[in-house]
Amino acid sequence: IQAIGESVNEAHYAANGYSRNALEYYPSMVLEKLLQQRLKDLTASDGDLLDVSLRQDSHLLRGLFMMHYRAQSSVVPQTGAAKNLLARVLQPSITEEEFKRSKLAVISRLHDRNYVDCRLDVATYRLKSVKSELKSAASVKLSDVQNAANSLKLQPVAQAFVIFQKVDAMKQKSDPDDPQD
């Protein structure tokens, strides 16, 4: 794609996640926080990766893990620091410290939620109760999170790469969206 201004490349990854009412939902939430931290650490150590994000969207039927990164134009997707980025952050075994930090973040976020929103989730996703949801989150073990990571490793991953070619604004002949040209 030709672009005026900064020249960056992007990559987008998507893999199946868990539904909101699945038993693996809370372990996958802890995994999401853990992977976000690993990606943040990786971005800090590699100057070519400009912006990396990962999130999980859980729905009634199925969830989705999505990761996105922007990199300097010199970084070609699927090479160097960008090669198999999702697989690289999933590869190391989860440490006890990572697990505790991520679980605490998930539980803190749950306790900060509005009670009405929690009740709405219970009704929408056919959950037992707000209390049982908090209990489920608190009972997550390291082995549960490692199983969620192993399951994610086995999922097929959709990948889309966007490579921008920098174009000087003065050299651009016309605007294809402008009816005057």
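Residues numbered from 1 in each chain as written. Predicted model: local features only at pLDDT ≥ 70, side-chain atom pairs only at ≥ 80, totals over all residues. Heavy atoms only, no water.

Student: Can you help me understand the packing of helix H1 (residues 25–45) against helix H6 (residues 142–154) in this one?
Tutor: Each pair of packed helices can be described by the angle between their axes along with the distance between the axes. Between H1 and H6, the shortest axis-to-axis distance is 8 Å and the interhelical angle comes to 75°. Considering their axes alone, H1 and H6 lie roughly perpendicular with respect to each other. Facing H1, whose interface residues are Pro-27, Ser-28, Val-30, Leu-31 and Leu-35, H6 presents Asp-144, Val-145, Ala-148, Ala-149 and Leu-152. (Axes fitted to C-alpha atoms, helices over the stretch in contact; angles between N-to-C directions. Helix = DSSP H or I, 4+ residues; strand = E, 2+ residues; numbered from the N terminus. Parallel < 35°, antiparallel > 145°, perpendicular 65-115°, else oblique. Contact = heavy atoms within 4.5 Å.)

Student: So what exactly am I meant to see when it comes to the pattern of salt bridges here?
Tutor: Here the idea is simple: oppositely charged side chains can pair when their charged atoms come close. Per the counting criterion, the structure on display carries five salt bridges. In this structure, the salt-bridge partner of Arg-20 is Glu-133, at a minimum N-O distance of 3.1 Å. Pair noted here: Arg-20 is in the loop between strand S2 (8–16) and H1 and Glu-133 is in helix H5 (residues 130–138), with a separation of 113 residues, a long-range link. Of the residues examined, Arg-20 reaches a relative accessible area of 6% and is grouped as buried. The salt bridge partner of Arg-101 is Glu-97, with a shortest N-O separation of 3.4 Å. Of this pair, Arg-101 and Glu-97 both sit in helix H3 (residues 96–112), separated by four residues, roughly a single helical turn. (Salt bridge = Lys/Arg side-chain N within 4 Å of Asp/Glu carboxyl O. Buried < 20%, exposed > 50% of the residue type's maximum accessible area, 1.4 Å probe, protein only.)

Student: Would you mind showing me how to read the side chain of His-68 here?
Tutor: As for its placement among the helices and strands, His-68 is situated in strand S4 (residues 64–72). In this structure His-68 touches Glu-10, Ala-11, His-12, Asp-51, Val-52 and Ser-53, once residues within four positions along its chain are discounted.

Student: Teacher, can you tell me more about the environment of Gln-72 here?
Tutor: Topologically, Gln-72 is positioned in strand S4. Gln-72 sits in the partly exposed class, given a relative accessible area of 29%. Between the alpha carbons of Gln-72 and Asp-51 there is a distance of 9.9 Å; along the sequence they are 21 residues apart.

That's the geometry; what it means functionally is another story.
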